[in-house]
Amino acid sequence: MTVTRSKLVEVSIVDIGGNDEALQLYGAEGKLLKLAAGEDNPGLPLLQLKKGTKPEPGDEAGEGDELNNNQNEKTAMNKEQLTLLGLPDGASDEQATAALQLMKMRADKVEALQLAAVTQCVDQAIAERKILAAQRDHYIQLGKAAGADMLTDTFKTMQAQVKPTDILRLSKESAPGSGKGPGSYTKLSEVPREELLELRKEQPAEYMRLYKAEYGCDCPPLSE
């Protein structure tokens, strides 16, 4: 085939054209198409500015430079995050997500172990009458903030609370002719059966000491 006739149509979108006879173009919504900054138009989606970019007037390269700077900052930030996660450069988003999930799982496990240690320490202090059962939540929160070791050291400095009936009983048992006084038993099996229940109720600390001497392990918390 031989072309004997043709028509050249040139389309050039510029704000100031070199040809005075050139026609300005309008979009489908009737808005004049412009390339100036801030003149976004749906007809030119690839030329729309990204949010947050403000190129200098008359500086056509301003937008690209700022985009490149933002991209470089984002890349540097990602590298720092990958380093903290122990991942190499170029790791995928899936690898980063997996590393974050593993880190969270380990943190949750450590937190659960610390809470269990604090709870056991507080329950032991309640059993030894160093604190009241109503103070349990308060000391658990204190242990979560200060740590189980600090809470244990604090309880060691506290004296067990003694009921007035315990004082009267100790005075009675230590009186002349009263038989064995407090602390005279070395293990639980030496306590007479008729005194065992009363000892458990009135002197839980002594009961727990004799229990450990008898069986070689700590006595479980005594219920009121």
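Before reading on, note that the structure itself is shown above.
Numbering of residues starts from 1 in each chain and follows the order in which that chain's sequence is written. In keeping with the predicted nature of the model, local features appear solely for residues at pLDDT of at least 70, side-chain atom pairs appear and are counted solely at 80 or more, and the whole-chain, interface and lining totals rest on all residues. Water and hydrogen atoms play no part in the side-chain values, which are based on all heavy atoms of the structure.

Novice: Any chance you could explain the environment of Asp89 here in plain terms?
Specialist: If you trace the backbone, Asp89 turns up in the loop between α1 (62-85) and α2 (93-127). A residue is classified by how much of its surface remains accessible, and Asp89, at 55% relative accessible area, is exposed. For the pair Asp89 and Lys79, spaced 10 residues apart in sequence, the C-alpha separation works out to 6.2 Å. The contact definition used throughout considers only heavy atoms, calling two residues in contact when any of these lie within 4.5 Å. If we ignore the near neighbours within four places in the chain, the residues touching Asp89 are Lys79 and Leu82. Numbering goes from the N terminus for both helices and strands, where a helix is a DSSP run of H or I of at least four residues and a strand is a run of E of at least two. Exposure is judged per residue with a 1.4 Å probe applied to protein chains only, and the accessible area is read against the type maximum: over 50% gives exposed, under 20% gives buried, and values in between give partly exposed.

Novice: For this particular structure, what's the right way to read the nonpolar core?
Specialist: One broad trend across soluble globular proteins is that nonpolar side chains are buried collectively. Put simply, a nonpolar core is a bunch of buried Ala, Val, Leu, Ile, Met, Phe, Trp, Tyr and Cys residues held in one set by side-chain atoms that sit within 4.5 Å of each other. With 11 residues, the main nonpolar core is built from Ala127, Tyr185, Leu188, Val191, Leu199, Tyr207, Met208, Leu210, Tyr211, Cys219 and Leu222. At four residues, the largest contribution of residues to this core is made by helix α7 (residues 204-215). Apart from residues lying up to four places away in sequence, Leu188 is in contact with Leu196, Tyr207, Leu210, Tyr211, Glu214 and Tyr215.

Novice: Even after reading the chapter, I still don't get the packing of helix α6 (residues 193-202) against α7, so can you show me in this structure?
Specialist: The relative placement of two packed helices is expressed as an angle between their axes plus a distance between the axes. Orientation is described by axes fitted as lines to C-alpha atoms, over the contacting stretch for helices, and by angles from 0 to 180 degrees between their N-to-C directions. Taken N-terminus to C-terminus, the directions of α6 and α7 make an angle of 120°; their axes are 5 Å apart at the nearest point. Here Leu196, Leu199, Arg200, Lys201 and Glu202 of α6 come into contact with α7, specifically with Pro204, Glu206, Tyr207 and Leu210. Asp, Glu, Lys and Arg are counted as charged, while Ala, Val, Leu, Ile, Met, Phe, Trp, Tyr, Cys and Pro are counted as nonpolar; the rest, among them Gly, fall into the polar class. Taken together, the residues of the contact of α6 with α7 sort by class into five nonpolar, no polar and four charged.

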